[in-house]
Amino acid sequence: MPDILTTATPDLMQAARQALKRYYGYDNFRPMQVDIIQHILSGKDTVVLMPTGGGKSVCFQIPAVVSEGTCIVVSPLIALMKDQVEALKANGIAAAYINSSVGQAEANDIARAAVSGHLKLLYVSPEKLLSEGFLQFLNRVNISLFAIDEAHCISSWGHDFRPEYTQLGTLRTHFPGTPIIALTATADRLTQRDIRTQLNLHEPKVFLSSFDRPNINLIVRPGQDRVGSVLEYIARHPQDPGIIYCLSRKTCETISQKLVAKGVKAGHYHAGLTPAQRSKVQEAFLQDDVQVIVATIAFGMGIDKSNVRWVIHYNLPKNIEGYYQEIGRAGRDGAQSTAILFYSFADVMQMREMVTKDVPARQAQLNTAKLERMQQFAEAASCRRKILLNYFSETLGEDCGNCDICRNPPTTFDGTLIAQKALSAVARSKERVSINLLIDILRGMRNQAVLQGGYHQIKTYGAGSDLPYLDWYSYIHQMLNDGLFYIAYEEGYALKITERGHQVLKGQLSLPLKKFQPAEKAEKPSRASKKAATVATIGTPEAQLFDKLRKLRKQIADEQGVPPYVVFSDATLQEMAAERPVSRVGMLGISGVGMKKFETYGEAFIKLILEHEGPQAAPTDSDEVLSAAPRPRAAVANQPVSDSEDATVQLHQMGLSPEDIAERRNLALTTVKTHLYNAYAKGRELRIHDFVSDTELAEIFTARTQLGGDPTLRDLFDHLREKYDYFQLRMAALYHKRLRGQ
Ligand code: ADP
Ligand code: ZN
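Within each chain, residues carry numbers counting from 1 in the order of the written sequence. Lettering for chains starts from A, numbering for ligands starts from 1, and both go in the order in which the items are written. The predicted nature of this model means local features are confined to residues of pLDDT at least 70 and side-chain atom pairs, given and counted, to a pLDDT of 80 or more, with totals for whole chains, interfaces and linings taken over all residues. In computing side-chain values, all of the structure's heavy atoms are included and hydrogens and water are not.

Going by what an unreviewed UniProt entry lists, the protein chain is known as DNA helicase RecQ and is assigned to Hymenobacter montanus. Quoted verbatim from the Catalytic activity (unreviewed entry) field of UniProt, the annotation for the protein chain is "Couples ATP hydrolysis with the unwinding of duplex DNA by translocating in the 3'-5' direction." UniProt positions are given in the numbering used here, feature names are shortened, and annotations may be inferred rather than shown by experiment. The UniProt entry for the protein chain carries the following comment under Sequence similarities (unreviewed entry): "Belongs to the helicase family. RecQ subfamily."

The following block contains the structure:
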């Protein structure tokens, strides 16, 4: 087929861009979204592999919005469906879902809406889709496309395998001409192949986006006093929702209890709870009623909460895939987020036992290899994101600037002497000691293990008492990684010196070591995190405003029975706190504020920002602040305006457009414009740029000069070829007059 017929028309892409702004409030597509949408709009099959938070939904929702008919979305999780449909509705897009939780009468209404073409998106569970009669019903619907969400569920290789998914291949037979788009956050090759073949996709184009999540600050902390660290972290982020992942159900419960005892709103979640208990905690977390969830990895699959600000791994995950998936639940809204991993060598040992127990030898080998990669990540002395992406066969050009190593690069020094002390202590204790015991010996501790072994009598006892525990801990791990000794697992994890170790001990080889900074510093937002939205520092006016905005969001969300992030995302509130928009134009300029949301919430948020600014603060508009034009001084003496004019001006200052004011006050548009003109003429400050931009003012000014003298409005109107209406021309005239100080 010639290419010209198979690419989306420019018109459709234009409509797609407009829809993005209008419904989602976003100015630009993310890089891959454009290509994907273009491909889908040209009617072809598509596979999208993008990490969680990458922006997959937009890829099929926008084509659904700009195409005729209804997009059928297959989604495996009831909770997710509900969330997505709520979010769509909040954006002003007609959407609905049908699954086992929807009653017959409601389902009939939805079906009718679909048949009559009133729905842009219809979400269904695979069971429902494949159930008796549903496919026949779909025959009556004008289907724009099928979107198969969480498409990896089709693969029996994966951990989320759902047998119903394997029958989705019939869609192609029933609807041969309808394009199918499959989306997943799983990128491995086997899954990809299963998706293509089982869905009977026709020469699909596969879009594999980068798996980088630059807004997540990656931190690894030594595994000492974990509860203390967690509490301290929460105390410093008292409003931020987060998840703590633990290995066992028991740990989940105890930690959650400890947090609650300290006044933290925490709850636990694991597979041992009843479904009712689980959905209760989950709901509370979604609503921001519970700040912290302590969970086993069972938690997270079914939730779509975009404002999770941090994830803590209390225990070491068993491989990088798992780790990456779990940290991916933080910061889906793109705002700065944190992932902290507690790490100690004991974790590796514990995990090693777990992943090799009761499994065939080959599997055990594979599991161990994967665990070692995880360990390598945890012990890294160079950019952690590079290591992570490297694992997924991606390369990062430069260091990320948003991990603990990048923020606090370790310094290298000659560590030969330190290494010799440790090696000598290992040798003198007859290579019978484990890492922890070795550190105790070096630091001259008098505990039972030391005394029992008689290690207080060896020559190197206390030779390293000048260094704190954590430094020794780090140096010994570096020596291990450098191959100076190894661990004999079968001998109670005793350290054994290698040939290379002996060389260092004898002074034949020197050893560079890295010194790390204390962990707290590594967590501060750094200027280096270029792509990540900055977080307001606690106590600043911006942070105070952010806090107020967040409270208002919560209040609105509770009133409307939706999760707070459905109202606005954290990223959107952060931008509001920084920009403080008090006009319609300003508010619509905030990323994440679309038309519908502006209409629903805009006024309340503008009001809050105005209140926060204080009564004397003149509303400044970002458009105005940015403009280079000098602000005209009020040359006209302030004259009283009428009450009615005043009411109009007040609404204007709240950010309403003349059209909105007219509607609100039940006045004719011309009356409102006259009010505004009169008020401006009487010296009231208005945001003139809401009506005419700087460039437009300049154009009108030039026209005026060209015409010479004092041209009539009619002359100007004609000269400018009817580009501006009379209201704009009059306001511009006043502006210029005030500028000249007349
Ligand atoms: P995924 O389904 O891949 O996990 P989502 O579709 O939920 O990701 O998108 C993650 C977040 O990014 C959402 O808050 C979404 O609104 C936002 N987002 C998506 N596309 C854009 C865009 N073009 N500009 C700004 N934000 C976007
Ligand atoms: Zn880095």
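(A) Just the environment of Glu431, in detail. Helix and strand labels come from DSSP, where a helix needs a run of H or I of at least four residues and a strand needs a run of E of at least two; each type is numbered from the N terminus. Position of Glu431 relative to the elements: it lies in the loop between helix H19 (416–428) and helix H20 (435–442). Apart from the residues lying within four places of it in its own chain, the contact partners of Glu431 are Val426, Ala494, Leu495, Lys496 and Ile497. Contacts are assigned to residue pairs that have any heavy atoms within 4.5 Å of one another.

(B) Looking closely at the sheet that holds strand S7 (residues 205–208). One requirement defines pairing of two strands: DSSP has to find at least two bridges between them. Strand order in this open sheet of seven strands is S3-S4-S2-S5-S6-S1-S7, and the pairing throughout is parallel. If you trace the sheet from one side to the other, it starts and ends with strand S3 (95–98) and S7, each paired once. Sheet twist, expressed as the average angle between the axes of neighbouring strands with direction ignored, equals 20°. Where S3 lies against strand S4 (residues 121–124), four bridges are found, and the strand directions are parallel. Residue Ala96 lies in a different strand from S4, and its bridge partner there is Leu122. To get an axis, fit a line to the C-alpha atoms, keeping to the stretch in contact for a helix; angles then go from 0 to 180 degrees between the N-to-C directions.

(C) The sheet that holds strand S10 (residues 266–269), seen in detail. Reading across from one edge, S8-S13-S12-S9-S11-S10 is the order of the six strands in this open sheet, with parallel pairing throughout. Edge positions in the sheet fall to strand S8 (216–222) and S10, since each has one partner strand and no second. Taking the axes of each pair of neighbouring strands and ignoring which way they run, one obtains an average angle of 15° across the sheet. Here strand S9 (residues 242–245) runs beside strand S12 (residues 310–313); their pairing, made up of four bridges, is parallel. Residue pairing across strands places Gly242 opposite Trp310, the latter belonging to S12. Sitting on the sheet, helix H11 (residues 226–236) touches S8, S9, strand S11 (292–295), S12 and strand S13 (337–343), and the angle it makes with S13 is about 170°.

(D) Spatial organisation of the coordination of the zinc ion (ligand 2). The donor definition counts N, O and S atoms within 2.8 Å of each metal and applies 3.2 Å to Na, K and Ca; water is not among these atoms, so some sites may look incomplete. Note on the zinc ion (ligand 2): its protein donors are Cys383 (SG), Cys400 (SG), Cys403 (SG) and Cys406 (SG). The metal-donor distances range over 2.3 to 2.4 Å. A site with four donors is called tetrahedral when every donor-metal-donor angle falls between 85 and 135 degrees; four donors are called square planar, and six octahedral, when opposite donors sit more than 155 degrees apart and all other angles fall between 65 and 115; any other arrangement is irregular. Relative to the metal, the four donor atoms surrounding the zinc ion (ligand 2) lie at angles of 102 to 122°, and the coordination shape comes out tetrahedral. Here the donor residues for the zinc ion (ligand 2) map to a single chain with the spacing C-x16-C-x2-C-x2-C. With Cys383 in the loop between helix H16 (361–378) and helix H17 (384–391) and Cys400 in the loop between H17 and helix H18 (404–407), the pair connects residues that are 17 residues apart, well separated along the chain. Both residues of the pair, Cys383 and Cys400, belong to the buried class. Partly exposed describes any residue whose relative accessible area lies between the buried limit of under 20% and the exposed limit of over 50%, with all areas from a 1.4 Å probe on protein chains only and scaled to the type maximum.

(E) Quick look at the domain arrangement of the protein chain. What the domain assignment reports for the protein chain is domain 1 (3–208), domain 2 (216–407), domain 3 (412–514) and domain 4 (525–630). With nine residues of domain 1 at the interface, the matching set in domain 2 holds nine residues. The largest per-residue losses of area from domain 1 upon contact with domain 2 belong to Thr52, Leu80 and Asp83, which jointly make up 39% of the total buried on that side. Note on definitions: salt bridges are taken to be side-chain nitrogens of Lys or Arg within 4 Å of carboxyl oxygens of Asp or Glu. At the surface where domain 1 touches domain 2, the tally comes to zero salt bridges. Polar contacts, as used here, are pairs of N or O atoms within 3.5 Å; protein pairs need one atom able to donate a hydrogen and one able to accept it. Residues neighboring in sequence count only if both atoms are side-chain atoms. On the surface where domain 1 and domain 2 come into contact, there are zero residue pairs in polar contact (both at pLDDT 80 or more). Considered class by class, the residues forming the side of domain 1 that touches domain 2 number three nonpolar, four polar and two charged. Boundaries of every domain are those given by an automatic assignment or by a domain database. Buried surface area refers to the total accessible area, computed with a probe of radius 1.4 Å, that the two partners give up upon joining, counted for both partners together. Following the grouping adopted for this structure description, the nonpolar residues are Ala, Val, Leu, Ile, Met, Phe, Trp, Tyr, Cys and Pro, the charged ones are Asp, Glu, Lys and Arg, and the polar ones are all others, Gly among them.

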